[in-house]
Amino acid sequence: MQHSGVKDTQLRENSNQKVHPQPMEEATNQNPEAMEALVSRIFTNISSLKSAYIQLQAAHTPYDPDKIQAADKLVISELKTLSELKHFYREHNPKPVCVSPQDSRLAAEIQEQQSLLKTYEVMVRKFQSEIQNKDSEIIQLEQQIQESIHKRVKLEKNLKLRGLSTNESPGSGSETGLSSPDLSPDMFRSAVEAAYKAIHDFSKPLINMMKVAGWDLDAAANSIEPNIIYAKRAHKKYAFESHICQRMFMGFQDESFSLITKNPPETKESLYQQYLALRETDPLDAVGQSPDSMFGKFCQNKYLLVVHQKMEASFFGSLDQRNYITGGGHPRTAFYQAFLKLAKAIWLLYCLAHSFDPFVKIFQVKRDSEFSEVYMDSVVKFFIVEDGDEKPKVGLMVMPGFWIGGSLIQSQVYLTGVKVVE
């Protein structure tokens, strides 16, 4: 009876305690279908992981970055799925109190798959590292290719400037980035406009240097062309543009541009190749690569003509730069680089003019010539000619005119003694 009372007491105590999860064996027996489904999903996932791993290996032979990246994402996705199954199992099946032989085999197989999974993870990290290394090598090789192309283009431009590469294959232009448009009057007209703009652009630093050096600009303009009646004081800038123009175009019609050379005259083809090579080249690079080329000599000769030695001495306090240029050098000063841009524009115009058959002819307008709207264009656009006044006359020529085939490009002139509309 006493034993029976103790047993009743224990039963009452057990009924008051909290309910704990059942052992694994009992939980499995209660819902075997769920466990079978979970195990099936695990094995399916392992098979998919193996397949993804095989795809990752195959993508390396031959090496295909896109396929490697896709396979890598697939492996990671399968690993995440396996991890989710693991957490699902642990949440719904706490650690068992006792383990049956069947559960032991399942646990051993799971452990084996986990070990295999760790191996896959190591291999994936290894492949990812190899992919990064290959990507770095690809980037380096692409940079080397671009550098080689750039060096090749510069070398070919240099050869053309020296006149050593005039007979090229028809496809060479597109390969090197140098297009070969057909000669046309419109192309030459654009070059004339560029040359006139270059004259205007170089006159600005020249006048500014004169101001800084203390020159009397009115006296300087009068010394270039005396007794010109300017409509505005600011128009005296055209005297300096005229000075630059007269000296830069001196000898333009000559085959050698008045340059002394022992070489035979350039052919139309070689001059056109020079035009194509130089138009996309920095003039400082051009004279640096070929200081004794025709273009290099042209720059030296024209600089000495445009910039008088008294002017240069007042600008820089010495004639060191002038002496350096006279000796065949090309200084890298800002003032000389500004002049090189002007020289390049005039040289390109010369190369084009002598590439046509027949050559383009230049014509210049003398002072006091009557203004002709056919042959001339006034740089001052709005001026008045009153009834009874004489026809306007040319005071300065700031840009020559040209005959190209049957077309005419007007000369740019400044008219003297006219009234300007405000």
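Below, the structure is looked at part by part.

What counts and what doesn't
Residues numbered from 1 in each chain as written. Predicted model: local features only at pLDDT ≥ 70, side-chain atom pairs only at ≥ 80, totals over all residues. Heavy atoms only, no water. Helix = DSSP H or I, 4+ residues; strand = E, 2+ residues; numbered from the N terminus. Polar contact = N/O pair within 3.5 Å; in protein donor to acceptor, adjacent residues only side chain to side chain. Contact = heavy atoms within 4.5 Å. Salt bridge = Lys/Arg side-chain N within 4 Å of Asp/Glu carboxyl O. Buried < 20%, exposed > 50% of the residue type's maximum accessible area, 1.4 Å probe, protein only. Core = buried A, V, L, I, M, F, W, Y, C linked by side-chain atoms within 4.5 Å. Pairing = 2+ DSSP bridges. Axes fitted to C-alpha atoms, helices over the stretch in contact; angles between N-to-C directions.

### Re the side chain of E312
Along the polypeptide, E312 turns up in helix α13 (residues 309-316). Among the polar contacts listed, one links the side chain of E312 to the side chain of Y303, at a separation of 3.4 Å. Leave out the neighbours within four places in its chain, and E312 touches Y303, V307, G317, S318, L319, Q321 and R322.

### Regarding the pattern of salt bridges
Within the structure shown, the criterion is met by eight salt bridges. Measuring nitrogen to oxygen at the nearest pair gives 2.8 Å for the salt bridge that ties K197 to D201. Of this pair, K197 and D201 both sit in helix α7 (residues 185-212), separated by four residues, roughly a single helical turn. Residue K197 is classed as exposed on the basis of its relative accessible area of 52%. Here the salt bridges share partners, and the residues they tie into one network are D218, R233 and K236.

### Some remarks on the nonpolar core
Ranked by internal contacts, the top residues of the largest apolar core, which has 73 residues, are F188, F249, W347, L349 and F402. With 15 residues, the top contributor of residues to this core is helix α15 (residues 334-353). Excluding residues that lie within four positions of it along the chain, F188 makes contacts with L349, L352, A353, F356, V360, F402, I404 and I409. In this structure, M35, A52, Y53 and Y120 belong to the second largest nonpolar core, which totals 20 residues.

### Some details on the pairing of strand β7 (residues 411-416)
With respect to burial, β7 is a largely interior element, six of its six residues being buried. Here β7 shows no split at all, with S411, V413 and L415 on one side and Q412, Y414 and T416 on the other all buried. Examined bridge by bridge, strand β2 (residues 376-378) and β7 share three bridges and lie parallel to one another. Note on β7: the bridge partner recorded for M376 is S411. Where strand β4 (residues 393-399) lies against β7, five bridges are found, and the strand directions are antiparallel. Counted as the bridge partner of L396 is Y414 from β7.

### Quick notes on the sheet that holds strand β6 (residues 407-409)
Hydrogen bonds between backbone groups are what pair the strands of a sheet, and the pairing can be parallel or antiparallel. The strand order across the open sheet formed by three strands is β1-β5-β6, and the pairing between neighbours is antiparallel. The open sheet has two free edges, formed respectively by β1 (361-363) and β6, since each of these has just one partner strand. Here the strands of the sheet are splayed against their neighbours by 20° on average, with no regard to which way each runs. Of the pairings in the sheet, the one linking β1 to strand β5 (residues 401-404) comprises three bridges and is antiparallel in character. Bridge pairing in β5 links K361 to W403. Lying on the sheet, α7 is in contact with β5 and β6; it crosses β6 at an angle near 10°.

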